[in-house]
Each structure stands twice: as structure tokens, then as C-alpha cells.
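An overview of the molecular structure
Given next are the chains, with one letter for each unit.
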Amino acid sequence: GLATELEAHGADLNDPLWSAKCILSSPHLIRKVHLDYIEAGANIIITASYQATIQGFESKGFSKEQGENLLTKSVEIAHEAREMFLKQHPDQSTPLRPILVAASIGSYGAYLADGSEYSGDYGEAGTLEFLKDFHRRRLQVLAEARPDLIAFETIPNKLEAQAYVELLEECNINIPSWFSFNSKDGVNVVSGDSLIECAKIANECAKVGAVGINCTPPRFIHSLILSIRKVTDKPILIYPNSGERYDAERKEWVESTGVSDGDFVSYVSEWCKDGAALIGGCCRTTPNTIRAISRSLNQYYPAP
Ligand SMILES: C[S+](C)CC[C@H](N)C(=O)O
Ligand SMILES: N[C@@H](CCS)C(=O)O
Ligand SMILES: [Zn+2]
């Protein structure tokens, strides 16, 4: 929900860089939004690097080195937000309340800025080597910025998952990562590739710490958790969106079929029972959603 909240504060994300535009234009706003999520009870904040790529910054006229520095900056902004929070609330720095920074890696489709992370259809570019070359340096730079976690988010197809696994091994990345796929039917990932096969790829990689689903309507999550559970003992993470549909041309969310914060949270106990270990919110959810999830989880799993 980082981008959603940036927009709620007036940021215009109608740009090929989408939320990553704010790394250039309003880093202070990103920091504030991270802080709002921490204050709402989030244990993990996700950096603004979802649509930040060296290639994307180069098309804006930046050099490779400047692009790399902007990636690093996205992690630094999140670290600053955590430091600010802990300074204001020193009592909150306990092992029972971890606050972790996850560096976001959005798919090649996110970089294309045409909504193709919801189709996973990459045409000619859809080869393993192309995708590995596209992501390699970005992954290394983000890992060097020392986030606590790496979040491979909104993965639309099997090939990109395979590319990430090979890069984690070849670049010897030792920061734990999660793989999170998206679905538009509650059965497969958005490209039509089998979710079971995608989850198996993640399961077989020792560098992957959790597998799950994000940016997918809440109504599909139950069956998706059950599918993933069949093929992995790794923790399952889910952070659905509100259920609305994204119009990539207008760069706007359309249809008012989204669920309210209250409805969203009524699913939380069901998802826990299904076996989800990490729960959060993606696009069109807000710090209020996180506050409600956090309260709900504290009810089920009170601190000892
Ligand atoms: C997760 S989607 C809403 C991100 C934005 C998309 N890649 C675009 O540029 O339109
Ligand atoms: N974490 C991303 C969205 C992933 S679909 C963001 O809000 O910038
Ligand atoms: Zn999303």
C-alpha cells in the first residue's frame, strides 16, 4: 500500500516510474508513509523500489551510477523511517515487535509500466537470460544496501521466478527473500502458469524464506493459500489488494468493487486458519487496513 498512500498525500504517480518517481521528487513523503505504516503496527515496511530500475532511471537521463544510487536511497529512506520511529518510541524496540525493511523488486512487467505485471505476457522479451540480465545489477545493488529482506513482488509468471532463483544463487545473495505471485482467478498466477509449479520453484531455493501472494483480490486468497501449502513448508505470506482493477492506460484503479477495511480484516482469521504466517496489504489498502490487521492478529496471537 505504499504507492496508494503516496497518492493519498497528493503524489502524482502517472509516470513510467510510478511510485519510484517519489524517490526523485519526494523522498520525505516516502519516509512519512513508511513511518505511518510502522505506527499502524506494521512489522515489515517495503521500499519504494518496486518500479525503480537502473534502466528506468536511465530513460529519465540519469547515468547508471546515479540510477544505482537511487536504488540504494530507497533502502536508506526506509532505514531512516525505522530509526525515527525507534527514537520516538524506544520502548517499542523489542524482539516481540520486529520492524524489518524489505527491498522491493517488481517484475519486468512493472518496469514496462503498461500493467503487464497483471498479464505476465512479455512477448519477445520472455526468455530466461533476458530477464536475468534485466534484474541482475538491480538485485546486487539493493542487496548491498543491507535491507533485512528482499521482496520479489507481484511475480506474474514462472519464468521470472526461475530467473530470480538463478540470480539469488549466482550472485550469492545472503539476505533472505520472499517470492510473491499474483493471481486473477484464484487458481493460477496471472499469466496462466500453474501456481503450484511457481511455488515449487520458490520452495526448492534455500535462499527463499517465504512464498505467497500479493496484489490479488481478497476473495481469491483462501484457495491460493491451500494450493501453496500443498508444495511448501516455508512460511506463507499474503498481502492482497482491495479487489479493485487497475487501468494501466489511465494509471488509475477502477470499479468500486473493492472491499472496505472492515471486510478485508474479516478474512484475516480465515487466512490464519488456512496457514498464512505473514499478512499485510498491497495496492489500495492503507495504514488503517494494517492497523486493523495488526489488532486482529494480536487478538489471535497475543504477546506472551
Ligand atoms: C502494481 S501496478 C498498480 C503498478 C503500476 C504499473 N506497473 C504501471 O506503471 O502502470
Ligand atoms: N509495493 C508496491 C506495490 C506492489 S504491487 C508499492 O506500493 O509501491
Ligand atoms: Zn499491489
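Quick summary incoming for the structure in this document. (Residues numbered from 1 in each chain as written. Chains lettered and ligands numbered in written order. Predicted model: local features only at pLDDT ≥ 70, side-chain atom pairs only at ≥ 80, totals over all residues. Heavy atoms only, no water.)

1. A closer look at the overall build of the protein
Put simply, the test is: Only DSSP runs of H or I covering at least 4 residues are called helices, and only runs of E covering at least 2 are called strands; the numbering of each starts at the N terminus. For the exposure calls, accessible area comes from a 1.4 Å probe over protein chains only, and a residue counts as buried if that area is under 20% of its type's maximum, exposed if over 50%, partly exposed in between. Only heavy atoms matter for contacts: two residues are in contact if any of them lie within 4.5 Å across the pair. The Shrake-Rupley method, run with a 1.4 Å probe, gives the accessible areas here. Residue values count only the displayed protein chains as cover.
What the protein contains, in helices and strands, is 13 helices and nine strands. Its C-alpha atoms give the protein principal-axis dimensions of about 50 × 45 × 40 Å. The buried share of the protein, reckoned over its 304 residues, is 56%. Of the contacts made within the protein by residues no fewer than 6 positions apart, 76% connect residues no fewer than 24 positions apart. Of the roughly 12800 Å² of accessible surface on the protein, 49% is carried by carbon and sulfur atoms.

2. Side note on the pattern of salt bridges
Counted only if it meets this: By salt bridge we mean one thing: a side-chain nitrogen of Lys or Arg within 4 Å of a carboxyl oxygen of Asp or Glu.
Using the criterion set out here, one finds 14 salt bridges in the structure. Close ionic contact of K64 with E58 constitutes a salt bridge, the shortest N to O distance being 4.0 Å. For K158, the salt bridge goes to E197, with nearest N and O atoms at 2.6 Å. With K158 in helix α8 (residues 158-170) and E197 in helix α9 (residues 195-203), this residue pair connects regions lying 39 residues apart in the sequence. Relative accessible area serves as the criterion here: at 31%, K158 is assigned to the partly exposed category.

3. A short note on the coordination of the zinc ion (ligand 3)
Counted only if it meets this: With water excluded from the atoms, a metal site may look incomplete; its donors are any N, O or S atoms within 2.8 Å, or within 3.2 Å for Na, K and Ca. Metal sites are grouped by the angles between bound donors: all angles between 85 and 135 degrees with four donors is tetrahedral, opposite donors over 155 degrees apart with the others between 65 and 115 is square planar for four donors and octahedral for six, and any other pattern is irregular.
In this structure, C215 (SG), C282 (SG) and C283 (SG) serve as the protein donors to the zinc ion (ligand 3), at separations of 2.3 to 2.4 Å. Coordination geometry of the zinc ion (ligand 3): the four donor atoms subtend angles of 96 to 128° at the metal centre, consistent with an arrangement described as tetrahedral. Mapped onto the sequence, the donors of the zinc ion (ligand 3) take the spacing C-x66-C-C. With a gap of 67 residues between them, C215 in the loop between β5 (208-214) and α10 (221-231) and C282 in the loop between β9 (276-279) and α13 (287-300) connect regions that are remote in the sequence. You can call C282 buried: its relative accessible area is 8%.

4. Some details on the site of ligand 1
Filter applied, for reference: For this purpose, a residue is taken to be near a molecule or strand whenever a single non-hydrogen atom of the residue falls within 4 Å of it. What qualifies as a polar contact is a pair of N or O atoms within 3.5 Å, subject to a donor-acceptor requirement within protein and to the restriction that residues adjacent in sequence count only when both atoms come from side chains. Note on residue classes: Ala, Val, Leu, Ile, Met, Phe, Trp, Tyr, Cys and Pro are nonpolar, Asp, Glu, Lys and Arg are charged, and everything else, Gly too, is polar.
Surveying the vicinity of ligand 1 reveals the residues W18, Y50, Q51, A110, A113, E117, Y118, Y246, K251 and W253. In this structure, Q51 approaches ligand 1 through a side-chain N or O atom, which is 2.7 Å from an oxygen atom. In the model, a nitrogen atom of ligand 1 is placed 2.7 Å from a nitrogen or oxygen of the E117 side chain. Bound to the protein, ligand 1 loses 99% of the 330 Å² it would expose on its own. Partitioned by chemical class, the residues of the shell around ligand 1 number seven nonpolar, one polar and two charged.

5. Let's talk about the site of ligand 2
Inspection of the region around ligand 2 gives L2, A3, W18, S19, Y50, E153, T154, N214, C215, C282 and C283 as its neighbouring residues. Between ligand 2 and A3 there is a distance of 3.0 Å, counted from an oxygen atom to a backbone nitrogen or oxygen. Interatomic distance of 3.1 Å between a side-chain N/O atom of E153 and a nitrogen atom of ligand 2. In isolation ligand 2 offers 280 Å² of accessible surface; the protein chains occlude 97% of this area. Looking at the shell around ligand 2, the elements that each hand over two or more residues are α1 (2-8) and β3 (149-155). In terms of residue class, the shell around ligand 2 is built from seven nonpolar, three polar and one charged.

6. Notes on the packing of helix α5 (residues 64-88) against helix α7 (residues 128-144)
Cut-off, in case you're wondering: In this analysis, axes come from line fits to C-alpha atoms, helices being fitted only over the stretch in contact, and the angle between any two N-to-C directions falls in the range 0 to 180 degrees. Reported orientations rely on four angle classes, namely roughly parallel under 35 degrees, roughly antiparallel over 145, roughly perpendicular from 65 to 115, and oblique for the rest. Crossing handedness is defined as follows: a turn of the near helix away from the far one that is anticlockwise and smaller than a right angle gives a left-handed crossing, while the clockwise case is right-handed.
Interhelical geometry of α5 versus α7 gives an angle of 45° and a closest axis separation of 9 Å. As far as their axial angle goes, α7 and α5 are oblique. Taken as a pair, α5 and α7 cross one another with a handedness that is right-handed. Where α5 approaches α7, its residues E68, L71, T72, S74 and V75 are matched on the opposing element by R137, R138, V141 and L142. Taken together, the residues of the contact of α5 with α7 sort by class into four nonpolar, two polar and three charged.

7. Some points on α9
Put simply, the test is: The reported arc concerns the directions from the helix axis to the C-beta atoms and nothing else.
For α9, the complete set of buried residues consists of L195, C198, A199, I201 and A202. One side of α9 holds all its buried residues, which, seen down the axis, span an arc of 150°. The backbone nitrogen of I196 lies 3.3 Å from a side-chain oxygen of the residue at the head of α9, namely S194.

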